[in-house]
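Commentary on secondary and tertiary structure
Chain by chain, the residues run as shown.
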Amino acid sequence: MESVKMRTAMATKREYRRMEAGEEGEELGEAEWARRAEAQRQRRRRGQRYAFSCALFASLNAILLGYDVGVMSGAIIYMQKDLHITEFQQEILVGCLSVVSLLGSLSGGRTSDAIGRKWTMGLGAIVFQIGATIMTFAPSFTVLMIGRLLAGVGIGFGAMVSGVYIAEISPAGARGTLTSLPEICINFGILLGYVSNYAFSGLSEHINWRIMLGVGILPSVFIGFALFVIPESPRWLMMEKRVSEARAVLLQISESEAEAEERLAEIEEAAGLMKSMKSEDKEVWRELLNPSPAVRRMLYAGCGIQLFQQITGIDATVYYSPTIFKDAGIKSDQELLAATVAVGFTKTVFILVAIFLIDRVGRKPLLYVSTIGMTICLFLLGVALTLQNHAVGLMSPRVGIDLAIFAVCGNVAFFSIGMGPICWVLSSEVFPLRLRAQGSALGQVGGRVSSGLVSMSFLSMARAISVAGMFFVFAAISTISVLFVYFCVPETKGKTLEQIEMMFESGDEWGGGEIELEDTQHLIPSIKKSVPLG
């Protein structure tokens, strides 16, 4: 069998050499073959670097979300003292951003189809800047809420469209890594928020939280510059019939002209005659709200992962980490904020591990590790807080504090390994082109609503059943998320977006089989027949 494979590979190589030779069909010499192979490697590296740069610039939007999550956990301590806000107002202020960001996410789908992916990101950055500026100079809770609502809309725009843009510009083999970059930026933003809390905590209570919020405007300035560097999504350009521009972008991120033409043909076939339909938007929403079995599987995977990412309590852990550590026994504000910096650092480090593994190990194995690890850490945190508050004398208070910090850091570490980044990847790659913008926006609904509900109810629920009780609830939900991964999430590693669509159409992945690449042949016409390469 091995000898047959070797002979086949050698024959393929000889055939490729003959195709690359001149019109007479003469075989290339070894020196010329080596030169062309090296040129191909150089072009591949250039394409990968270019795609990475585009994805990185598009991911800057996520820093805004991360910074807001991180900085608010500490800034709220001083807002309470300066503006004299109540616990209920604190919950509304913290949690409303997640809910109101839905306005940006839902309108972002339609806006990104109308004006393009990258200019939608720019619009989101401008709206966020206005909201952040209002919050920085807010004299009262009412004005603070107005700025918070505007910032939420801006974050919703950016969070929705950046994942779509990166998925559409990334090569299949690197899409998992590149689509995870927003999650890296979220974690980096959270860490910056924690560091900002700690750095400015020594200033006056009237000034420190304003500086903490004001620093968050800086990332949106860089987003403005990035828009003049990155190209538009080639898939959006094809939807607009701007074929030459789409081809130019694909040539910069592909290994060869042949590959660029092949991807162009795939996108053209997937796009079909969408723009010729006057009722396109209504048809898309009708298809999503009255789905076929294939679209229903897409919705289960793409929206379900968004839901479980939030209802397992990650936002409560990040937003209210000072409350958690205070319940564990830490007293001073400085020590509380120092502990949150450790959480932010852990979250950022482990997201880098996920980026390294996601296109090597695959989505599903990392999700198993993530959900199981989160379940254990959430349960352990509940146990630590219970013993600290109801078993005084059985262990040293310092042991309880260290155990709580370890459990919180472990929870965010396992979240960053799988559930955090893979949520971005799956929600942007499971929907076909005709449904991608609206499907991704719909996926944000479950995630943002559940995030808002968790954030806005955590303090009230913790007062009713204790902070420890809340984490036992989160541990139970995390157990259910393991079953969700098993039954509803397919493996998409290494597949093009068009192949993933075919996988959902066939449903083989849910039956235990893996779709073969040959099964996608009827999805697109033969490249040799449809695209002249010579």
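Residues numbered from 1 in each chain as written. Predicted model: local features only at pLDDT ≥ 70, side-chain atom pairs only at ≥ 80, totals over all residues. Heavy atoms only, no water.

Heads up, the condition is: UniProt positions are given in the numbering used here, feature names are shortened, and annotations may be inferred rather than shown by experiment.
For the protein, the name recorded in an unreviewed UniProt entry is Major facilitator superfamily (MFS) profile domain-containing protein, with Zea mays as its organism. You can read under Subcellular location (unreviewed entry) in the UniProt record for the protein the words "Membrane". The heading Sequence similarities (unreviewed entry) in the UniProt record of the protein holds the text "Belongs to the major facilitator superfamily. Sugar transporter (TC 2.A.1.1) family."

What to know about the side chain of Ser481
As a reminder, the rule being used: Numbered from the N terminus, helices here are DSSP runs of H or I no shorter than four residues, and strands are runs of E no shorter than two. Throughout this description, buried means an accessible area under 20% of the type-specific maximum (1.4 Å probe, protein chains only), exposed means over 50%, and partly exposed covers the range between. When checking whether two residues touch, look at their non-hydrogen atoms; a contact exists if any pair is within 4.5 Å.
Within the secondary structure layout, Ser481 lies in helix α22 (residues 467–488). On the accessibility criterion, Ser481 (0% relative accessible area) is buried. Excluding anything up to four places from it in sequence, Ser481 contacts Phe308, Thr312, Thr371 and Met419.

Here we look at unusual backbone geometry
Positioned with a positive phi, His84 is a non-glycine residue whose angle comes to about 60°. Counting through the fold element by element, His84 comes out in the loop between α3 (60–83) and α4 (87–115).

Some points on the state of the cysteines
Definition in use: Only a pair of cysteine sulfur atoms within 2.5 Å counts as a disulfide in this structure description.
The full count for this structure, using the stated rule, is zero disulfides. Unpaired in terms of disulfides, Cys303 finds its nearest cysteine sulfur in Cys423, a separation of 10.0 Å. Overall, the relative accessible area of 17% leaves Cys303 in the buried class.

Brief notes about the packing of helix α15 (residues 293–311) against helix α23 (residues 497–506)
Heads up, the rule is: Fitted lines through C-alpha atoms serve as axes, helices being fitted only where they are in contact, and the angles separating the N-to-C directions of these axes extend from 0 to 180 degrees. If an angle is under 35 degrees, it is roughly parallel; if it is over 145, roughly antiparallel; if it lies from 65 to 115, roughly perpendicular; otherwise it is oblique. It is the rotation of the near helix from the far one that decides the hand of a crossing: anticlockwise by less than a right angle makes it left-handed, clockwise makes it right-handed.
Where α15 contacts α23, the axes come no closer than 7 Å and their chain directions differ by 115°. As judged from the angle between their axes, α15 and α23 are roughly perpendicular. Once α15 is placed against α23, the crossing between them reads as right-handed. Contacts between α15 and α23 involve Ala294, Arg297, Met298 and Ala301 on the former and, on the latter, Glu501, Phe504, Glu505 and Ser506.

Let's talk about the packing of aromatic side chains
The geometry of two aromatic rings is summed up by the distance between their centres and the angle between their planes. Selection rule: In this scheme Phe, Tyr and Trp rings, the latter by its six-membered ring, pair at centre separations within 6.5 Å, and the angle between planes marks the pair as stacked below 30 degrees, edge-to-face above 60, and tilted otherwise. Charges are assigned to positions over rings by a cutoff of 6 Å between ring centre and Lys NZ or Arg CZ, combined with an angular limit of 35 degrees from the ring normal.
Across all of its chains, the model carries seven aromatic pairs by this definition. Summarising the aromatic geometry, the rings of Tyr486 and Phe487 are spaced 4.8 Å apart at their centres and angled 90° between planes, so their arrangement reads as edge-to-face. An aromatic cluster is built from Tyr320, Phe458, Phe471 and Phe474, whose rings are joined through pairwise contacts. Here the guanidinium or amino end of Arg360 rests over the ring plane of Phe356, the centre of that ring lying 4.2 Å away.

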